[in-house]
Amino acid sequence: MIKYLICWSLNHVPRKRLQRFAQLLTRTTSIFYIGNKVECTICGRHYRKFLPYGYGKLRENALCPHCLSLERHRLIELYLKNHTEFYKGISRPNVLHVAPEYCFIKKFEKLLGDKYTTADLESPLAKVKMDVQNIPFPNNTFDVIFCNHIMEHVYDDLLAMRELYRVLKPGGWGIIQSPINYGRTDTHEDRNATPDERKKYFGQYDHLREYGSDYSKRLENCGFKVLEDYFARNLSPETVKRYSTSREIIYLVKK
Ligand SMILES: [Zn+2]
């Protein structure tokens with residue numbers, strides 16, 4: 001029943017309302033997940049297991065019932081804690097968070113206060129209404145940028161990357177993750193594909209492209225220095241099991 005509801009809401013609830021709707025759903029179901037086998041790196045709550053999640057085929061043990069974090073969010077949180085100065089810095093950085101994931105918002109707001117800017121084209125969770133292809137901030141504004149799982153949706157992803165580079169301060173850094181098919185060397189895109197074609201070729205009705213291993217190159221061509229960080233592959237099996245984290249490469253960009 002829970003699986004059916006998650007699958008149904010992913011395919012039928014408009015994207016911009018999905019996170020609020022999902023939280024209502026998952027918090028009521030969390031009673032069935034009481035336990036201490038897995039733990040969320042972001043909200044700190046523990047469960048018997050996480051909820052299943054995914055478009056089409058559901059992944060088991062993926063979604064935190066409390067904060068809605070997924071495997072990739074819990075990985076990023078571990079990375080921020082262990083491999084960056086994000087939580088350790090003395091002065092608060094000026095942060096731009098594009099299409100902010102629900103699980104991070106409260107935590108980042110508490111940490112950064114008015115130095116935290118959330119922005120999105122349509123999400124009601126974001127403070128600034130913004131097209132990432134045309135960012136309404138001056139050059140060199142932000143110390144840190146987060147923009148995850150957006151580029152595959154954007155009409156002109158290279159323009160968006162150049163815009164992110166423009167508003168990042170020299171010396172600033174960011175994390176720009178996208179789904180990548182490592183079996184592919186070149187990115188395959190069709191900006192004019194129909195939703196059915198997108199689902200068929202790019203795996204989701206609203207994806208305009210499928211990135212290949214040239215993803216870093218695309219970021220570099222827009223100005224960034226890119227570090228492909230294999231942080232996830234060096235985590236112990238116990239850590240991966242406890243936090244149910246993804247194994248993806250982290251794309252750390254710098255200016
Ligand atoms: Zn959580």
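What you see is a predicted model; the values in this text were computed from it and never measured.

### So, the overall build of the chain
For the chain, the count of helices and strands is eight helices and 13 strands. For the chain, the C-alpha atoms occupy an extent of roughly 50 × 50 × 35 Å along the three principal directions. A total of 255 residues make up the chain; the buried ones form 51% of that total. Once local pairs closer than 6 in sequence are excluded, the contacts in the chain between residues at least 24 apart make up 61%. For the chain, the exposed surface amounts to about 12,800 Å²; the carbon and sulfur share of it is 53%. Charged side chains in the chain number 41 positive and 29 negative. The centres of these two groups are separated by 7 Å.

### Things to note about a nonpolar patch on the surface
Together, Ile31, Phe32 and Ile34 line one region of the surface with nonpolar side chains, adding up to about 370 Å² of accessible area. Within the element layout of this structure, phenylalanine 32 appears in the loop between α2 (15–29) and β1 (34–39).

### Focus: the coordination of the zinc ion
Listed as protein donors to the zinc ion are Cys40 (SG), Cys43 (SG), Cys64 (SG) and Cys67 (SG); their distances from the metal cover 2.3 to 2.4 Å. Relative to the metal, the four donor atoms surrounding the zinc ion lie at angles of 101 to 117°, and the coordination shape comes out tetrahedral. Positions of the donor residues of the zinc ion along the chain correspond to the pattern C-x2-C-x20-C-x2-C. In this pair, cysteine 40 sits in the loop between β1 and β2 (46–47) while cysteine 67 sits in the loop between β4 (59–63) and α3 (71–83), placing the two residues 27 residues apart along the sequence. Taken individually, cysteine 40 and cysteine 67 each receive the classification buried, so the pair is uniform in this respect.

### As for the domain arrangement of the chain
Each assigned domain of the chain is listed with its residue range as follows: domain 1 (2–69) and domain 2 (72–254). Of note, the centres of domain 1 and domain 2, computed from C-alpha atoms alone, are 21 Å apart. Facing the 23 residues of domain 1 at the interface are 23 residues of domain 2. When domain 1 packs against domain 2, close to 2,000 Å² is buried across both sides, 49% of that on carbon and sulfur atoms. Counting the contacts that link domain 1 with domain 2 gives one salt bridge.

### Things to note about the sheet that holds strand β12 (residues 225–229)
Paired through their backbone hydrogen bonds, the strands of a sheet run either parallel or antiparallel. Taken in spatial order, the seven strands line up as β7-β6-β5-β8-β9-β13-β12 in an open sheet, and their pairing is mixed. Each edge of the sheet is formed by a strand with only one pairing partner; in this case those strands are β7 (128–129) and β12. Direction of pairing for strand β5 (residues 95–98) relative to strand β8 (residues 142–147): parallel, over a ladder of four bridges. If you follow leucine 96 over to β8, its bridge partner there is isoleucine 145. The sheet strands contacting α3 are β8, β9 (168–175), β12 and β13 (250–254), and the helix crosses β9 at an angle near 135°. Here helix α4 (residues 102–112) sits on the sheet in contact with β5, β6 (116–120) and β8, set at roughly 145° to β6.

Reading guide: rules and limits
- Residues numbered from 1 in each chain as written.
- Predicted model: local features only at pLDDT ≥ 70, side-chain atom pairs only at ≥ 80, totals over all residues.
- Heavy atoms only, no water.
- Helix = DSSP H or I, 4+ residues; strand = E, 2+ residues; numbered from the N terminus.
- Buried < 20%, exposed > 50% of the residue type's maximum accessible area, 1.4 Å probe, protein only.
- Contact = heavy atoms within 4.5 Å.
- Areas by Shrake-Rupley, 256 points an atom, 1.4 Å probe, with all protein chains shown as cover.
- Lys, Arg positive; Asp, Glu negative; His and termini not counted.
- Charge placed at Lys NZ, Arg CZ, Asp CG, Glu CD.
- Patch = residues over 30% accessible without salt bridge, like charges linked within 9 Å, V, L, I, M, F, W, Y side chains within 5 Å.
- Salt bridge = Lys/Arg side-chain N within 4 Å of Asp/Glu carboxyl O.
- Donors = N, O, S within 2.8 Å, 3.2 Å for Na, K, Ca; no water.
- Tetrahedral: all angles 85-135°; square planar, octahedral: opposite > 155°, others 65-115°.
- Domains from an automatic or database assignment.
- Buried area = accessible area lost by both parts, 1.4 Å probe.
- Pairing = 2+ DSSP bridges.
- Axes fitted to C-alpha atoms, helices over the stretch in contact; angles between N-to-C directions.

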